[in-house]
Amino acid sequence: MNFTLHVWRQDGPEVPGGFETYEARDISEHMSFLEMLDLVNEGLTHDGHEPVAFEHDCREGICGSCGMMINGVPHGPKGMVATCQLHMRSFRDGDEIWIEPWRATAFPVLRDLAVDRGALDRIIDAGGYISVRTGSPQDANALLIRKEDADLAMDAAQCIGCGACVAACPNASAMLFTAAKVSHLGLLPQGQPERYTRVLDMVTQHDREGFGNCTNHGACQEACPKGISVDFIARLNRDLVVSTWKTAGD
Amino acid sequence: MQLDAKIPAGPLQDKWTKHRFDMKLVNPANKRKYDVIIVGTGLAGASAAATMGELGYNVKVFTFHDSARRAHSIAAQGGINAAKNYQGDGDSIFRLFYDTVKGGDFRSREANVYRLAELSLNIIDQAVAQGVPFAREYGGLLANRSFGGAQVSRTFYARGQTGQQLLLGAYQALKRQVAAGTVELHTRHEMLDVVLVDGEARGIVTRDLVSGKVESHAAHAVVLATGGYSNVFFLSTNAKGCNVTATWRAARRGAGFANPCYTQIHPTSIPASGEYQSKLTLMSESLRNDGRIWVPKKAGDGRVAADIPEDERDYYLERFYPSFGNLSPRDISSRRAKEMVDAGHGVGPLRNGVFLDFKHAIDRLGSPVISERYGNLFEMYEKITGEDPYKTPMRIYPAPHYTMGGLWVDYNLMSNVPGMFVLGEANFSDHGANRLGASALMQGLADGYFVAPATISNYLAGVERKPVSRDHAAFADVEREVSERTQRLLDVDGTRTVDEFHIELGRIMWEKCGMERNEAGLKEALKEIPELRARFWKEVRVPGSGETFNQSLEKAGRVADFLEFAEVMCHDALARDESCGAHYRSEHTTEEGEAKRDDENFSHVAVWEYKGEGEAPVLHREPLAFENVKLSTRSYK
Ligand SMILES: Cc1cc2nc3c(=O)[nH]c(=O)nc-3n(C[C@H](O)[C@H](O)[C@H](O)COP(=O)(O)OP(=O)(O)OC[C@H]3O[C@@H](n4cnc5c(N)ncnc54)[C@H](O)[C@@H]3O)c2cc1C
Ligand code: FES
C-alpha cells in the first residue's frame, strides 16, 4: 500500500509549525500506524532530516503515551483503539492522511506530534487518590465489595490518560478523564471518606489548568480508546452538587 | 569486589521479622534532613517513593517518561501472586516460597524468597486499601486464578490490566506525596550516570529530555528501580523505552551485575507478522488456564485449525507433562514451542506459531464466562491480528519478556556500592534462573512498599546528616563525561540509523544468547558484538542537536549501552557451563531434553565486575546455600 502523509512539524512550543508532506511507500496492511511512521522516520534519517517526534512506549494500548489526530479524529478511524493499535488495514491504498498533535490550550506542543500532558497529572495531584499509609491496612477480604460495584469501578479505572477525550472535545474539556478517576474511587467503599472533597478539588484543578467546560457533546466517549462512558460525567456532576451543598453548609 | 549477602541469622521464618526489629530507625524530626533519589516510577520506584515520602524523607524521583503513570509496569496483564490462601486450596507462605525457589531452578536465595512470600500478603491488603479494583466473586470476596508453575489458585487480578491498576495505585500514592510536598517528581529526565563520592553513591546526572540540559542531583542514597533489559533483543514484549542504561552505567561505576544471562522467554506472545515488526505483544499467560496448546501432528500441515480433526492434533504439553500440562513453567513451554516450530509443525502464514485453543473451554463454560475472564485479551488479539479467538484458535510464540538478572544486591537490596539500592526488575534478587508468572509485580511492590523503606532507613541512620553538596568535584566530572558522550553520539554523523544497529544486535542475541545457547555460538557472539559496537561508533547517524527534544539521541545512548552490556550477558552465558531454568545450554540437557543443572559447580550467583571498555569483565561468585528446600530436579510431569 502507498500513502501520502501530511504531518504537523513544529520545533518547539514557542515557534510556529506547519504541515510537511511525505510519501509512505510499500506499506503492509498488517503494519501498525506507528510502524508505518517508524518507516517514514528511518527514511527521513537516511535523507539527512530529523525524524517526526511522536510519543509511544507500550505499543499495545495501555500506557497512554501515543496519541495523534489522524484525519481529524483522535487515534484515527477505527474506534476503541489507541494509535499504536491502529493498523494500516483500516486505510485504503492511496489514501491521504493528515496527522496532527492533540490540540488544546492545556496541552502545549513540545515538538511535532508530542504534547505536554502534565496538566492531567496535576488533576490527580489535587485529590485523585485514597489517603492510606503503607502498612496500615486491614486484611483485604475484611472488606466485602459487591461484584457489580467493583466491575463498574474497573470500567472507570481503565482510563489510560492519553488525552484523546480532550482532543476530541470542542471545548477541550478533560471532564471524562476527571470523571473516570472520581468515579473509580467514589464507587468503592474505600473512597467514601474523601469522596466529596476529592471531586471538588479535582474539578477546581481541572478548570485552573485551562481545560474547557463540559457541555455534553459526548465526543470524548467516541474518541476514548477504552470506551469509557459519559455516564461517569453525570456521576461526577451529581457528586459535585452534593459536594457544593456540603461545603456551603460548613 | 566484596559480596556479603548479609542474610540475617536464625530460622527462615523469623529472619525478616527479627531483622526488622534489629534495624535502626531514623528519628522523625531527622528524616527530612535526608535526601533520597529514586530513579524509576514503575511499581518498584513509585511504591518506594510514596512510602519514603510518607515516612518523611526528602524524596526526589526521576523518570524518562512524560508521566509517572507510564512506566512499563502499566502493561502487566495477568496478575499478582499472594499466599493468602483465600481459596482454601492448601496455599501457604511456605508453599509460595517453595514454588518460587523450585520455579527458579534452585538459583535464588532462600531468605529473600521467603521474605517475598511473607510480604505478598501485605501487598494485597495495601492495594485493596488504595482502591485497586481487583476482580471479585459474587459474594464480594476477592477472586483468584491460577498461573503457570503452581497448583493452587493464588493470583489476584484486575481483568487483564493488573499491572495498570497496581501501578495506578502506587502512582496515586506517589501523587499524594507530591501534593504533600515530600516528593519532588522530575518527569522527562533520563538518568545517564551515577555519582560516587568516596566510594558511596551520592547522586546522579540526568539529561532533561525537553531542553537537553545536563544536570547533577545529590542525595544521601540513590535508588535504582529502572526495570529490565529484555530490549537487548530488540524485539521483546517490553515497552519500547525499556533499556539497560541506568543499571549499566551503575555497573560501569563499580556495581556488580548479577546473572545477566538469566533472561526469560515468555511462551505466549503473538508471532511476528513481518520484517517491520517493532515489538512483540504478550498474550497473558493466564490464558493457559483455559486454553489448550497444540500443533498439527503432520509437519507442514497447511490446513486451517477447524479443518484439522482431533486425532491429528498434538496437545504436546499435555502429552509431555500430564500433571501440569498447559500450565507448565515458562521456560519449558517456550522451548517446547520452539521445538515444534523448528520441526515444521508451525502454524499461521509464516509458520511461526503454535495454537492456543479455547474451543473446549467455550464449549464447557460458555462464551460469557470466557469473555468475563479474558475479554480484553481476546479483543487485543483481534485488534492486532484481525482474527477472532472466539472462533479460531490464537497463534502464539515465545518472546523475550523478563530479565531475572540485574544489579547484585544484598538482603537489604543494597548493591556492593554503599548507598546504592536497587529494586524491582532492575535487581537480580528473587527469581533465580526463571521467574514464575505473576511474581514480578509481587516482587516490585514488596521491594518498594516494604523492604527498601526499612533497609534504607537503617542505612541512613548510619550516614552523617549534613547535606550532600553538588559542589564536590565528582559531580562536575561525571556531568562533563555525560555531555561529552552525548556530543560524541551526535558527531559520528554516519549513514545508518540507530534502529538498524539495534536490530542487528537483537538478531545476534536472539540467535546466540536466546532461548538456547551453546559454547560455539556464544564465542561467535563475543566476536560479533565488539565489531558491531565499533561500527556503531563509526557509522551511526543521530540527527538534530543535544539541546532539543531529540528522540534519536535518546535511543542512540540506550543502544550504545546495550552494545556494551550484551557482551557481559554472553560472558555470563558462556561461563555458566550448565543449564538451569531459562538458561538453556544445549550441551547440558537431560535425556528428556530438560535443563540439566550442575549443582556441584554452579550453585552460585555469578556477579560481573566491569573492568573498562574493551576489557573482559571479571567474575565473582556468591555461593547459594539451601537449608530449607531439598535440591531436586524440577519435574512437572
Ligand atoms: C507485557 C508484559 C506483561 C507482564 N505481565 C506480568 C504479570 O501479569 N504479572 C507479573 O507479576 N509481572 C508481569 N510482567 C513483568 C512486570 O510487569 C515487570 O517486571 C515489572 O512491572 C517491572 O517493574 P519495575 O518497577 O521494576 O520497572 P518498570 O515498570 O519497567 O519501571 C522502570 C521505571 O524506570 C524508569 N527509568 C528507567 N531507566 C531510566 C533512566 N535511565 N532514567 C530515568 N528513568 C528511568 C522508567 O521511566 C520507569 O519509570 C509483565 C511484563 C510485560 C512486558
Ligand atoms: S504506545 Fe502505549 S498506548 Fe499507545
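The structure displayed is predicted, hence computed values, not measured ones. (Residues numbered from 1 in each chain as written. Chains lettered and ligands numbered in written order. Predicted model: local features only at pLDDT ≥ 70, side-chain atom pairs only at ≥ 80, totals over all residues. Heavy atoms only, no water.)

**Observations concerning the overall build of chain B**
Helices and strands together make up the secondary structure of chain B, namely 17 helices and 19 strands. In terms of overall dimensions, chain B is globule-like: its C-alpha atoms have a radius of gyration of 24 Å, near the 26 Å expected for 637 residues. Structurally, chain B occupies a C-alpha span of about 75 × 60 × 50 Å along its principal axes. For chain B, the proportion of its 637 residues judged to be buried stands at 67%. Counting only contacts in chain B whose residues sit at least 6 apart along the sequence, the fraction spanning at least 24 positions is 74%. For chain B, the accessible area works out to roughly 20900 Å², and carbon and sulfur atoms hold 48% of it. Averaging the coordinates of the 78 positive side-chain charges in chain B and doing the same for the 83 negative ones gives two points 3 Å apart. (Helix = DSSP H or I, 4+ residues; strand = E, 2+ residues; numbered from the N terminus. Rg over C-alpha atoms; globule rule 2.2 N^0.38 Å. Buried < 20%, exposed > 50% of the residue type's maximum accessible area, 1.4 Å probe, protein only. Contact = heavy atoms within 4.5 Å. Areas by Shrake-Rupley, 256 points an atom, 1.4 Å probe, with all protein chains shown as cover. Lys, Arg positive; Asp, Glu negative; His and termini not counted. Charge placed at Lys NZ, Arg CZ, Asp CG, Glu CD.)

**Here we look at the site of ligand 1**
Residues and elements named next belong to chain B. Among the 37 residues in the neighbourhood of ligand 1, the closest are listed as Thr63, His65, Ser73, Met191 and Glu425. Within the backbone of methionine 191, a nitrogen or oxygen atom sits 2.7 Å from a nitrogen atom of ligand 1. Surface burial for ligand 1 is 98%, taken as the share of its 1000 Å² of free accessible area covered by protein chains. For the shell around ligand 1, the elements supplying multiple residues, two or more each, are helix H3 (43-55), strand E6 (189-197), strand E15 (394-403) and helix H12 (440-460). Sorting elements by how many residues they give to the shell around ligand 1 places E6 first, with three residues. When its residues are assigned to classes, the shell around ligand 1 shows 16 nonpolar, 18 polar and three charged. (Near = heavy atom within 4 Å. Polar contact = N/O pair within 3.5 Å; in protein donor to acceptor, adjacent residues only side chain to side chain. Nonpolar A, V, L, I, M, F, W, Y, C, P; charged D, E, K, R; others polar.)

**Comments concerning the domain arrangement of chain B**
Residue and element names in this part refer to chain B. Once the domains are mapped, chain B shows domain 1 (269-400) and domain 2 (473-603). On a C-alpha basis, the centres of domain 1 and domain 2 stand 31 Å from each other. Contact with domain 1, which involves ten residues of that partner, is made by eleven residues of domain 2. Considering only the side of domain 1, the residues that lose the most area to domain 2 are Asp331, Arg335 and Lys338, jointly responsible for 56% of the buried surface there. Counting across the interface, domain 1 meets domain 2 through one salt bridge. Two residues, glutamate 594 and arginine 336, come together in a salt bridge whose shortest N-O distance is 3.4 Å. Linking domain 1 with domain 2 are two residue pairs in polar contact (both at pLDDT 80 or more), by the criterion used here. Secondary structure elements with two or more residues in the side of domain 1 that touches domain 2: helix H9 (330-345) and E15. Counting residues per element, the side of domain 1 that touches domain 2 draws most heavily on H9, at six residues. (Domains from an automatic or database assignment. Buried area = accessible area lost by both parts, 1.4 Å probe. Salt bridge = Lys/Arg side-chain N within 4 Å of Asp/Glu carboxyl O.)

**Quick notes on the interface of chain B and chain A**
At the junction of the two partners, chain B supplies 75 residues and chain A supplies 76 residues. In total, about 6200 Å² of surface goes out of reach between chain B and chain A, with carbon and sulfur atoms giving 50% of it. Per-residue buried area on chain B facing chain A is highest for Arg70, Tyr276 and Lys383 of chain B; these three make up 12% of the total on that side. Run the count over chain B and chain A and you get seven salt bridges.

**Some points on the nonpolar core**
Formed by 221 residues in total, the largest nonpolar core has its most connected members in Leu5, Phe33 and Met36 of chain A together with Ile80, Phe134 and Met509 of chain B. Among the elements that take part in this core, helix H16 (residues 551-575) of chain B stands out by supplying twelve residues, more than any other. The residues contacting leucine 5 of chain A, other than those within four sequence positions of it, are Glu20, Thr21, Tyr22, Ala24, Met36, Leu37, Val40, Ile97 and Ile99 of chain A. Within the second largest apolar cluster, 29 residues are counted, among which are Ile332, Val354, Phe358 and Ala361 of chain B. (Core = buried A, V, L, I, M, F, W, Y, C linked by side-chain atoms within 4.5 Å.)

**Quick look at the packing of helix H1 (residues 15-22) of chain B against helix H5 (residues 110-130) of chain B**
The relative placement of two packed helices comes down to the angle between their axes together with the axis-to-axis distance. Residues and elements named next belong to chain B. As a packed pair, H1 and H5 sit with axes 9 Å apart at the nearest point and diverge in direction by 90°. The orientation of H1 relative to H5 falls into the category roughly perpendicular. Residues Lys15, Trp16 and Thr17 of H1 pack against Ala111, Arg115, Glu118 and Leu119 of H5. In terms of residue class, the contact of H1 with H5 is made up of three nonpolar, one polar and three charged. (Axes fitted to C-alpha atoms, helices over the stretch in contact; angles between N-to-C directions. Parallel < 35°, antiparallel > 145°, perpendicular 65-115°, else oblique.)

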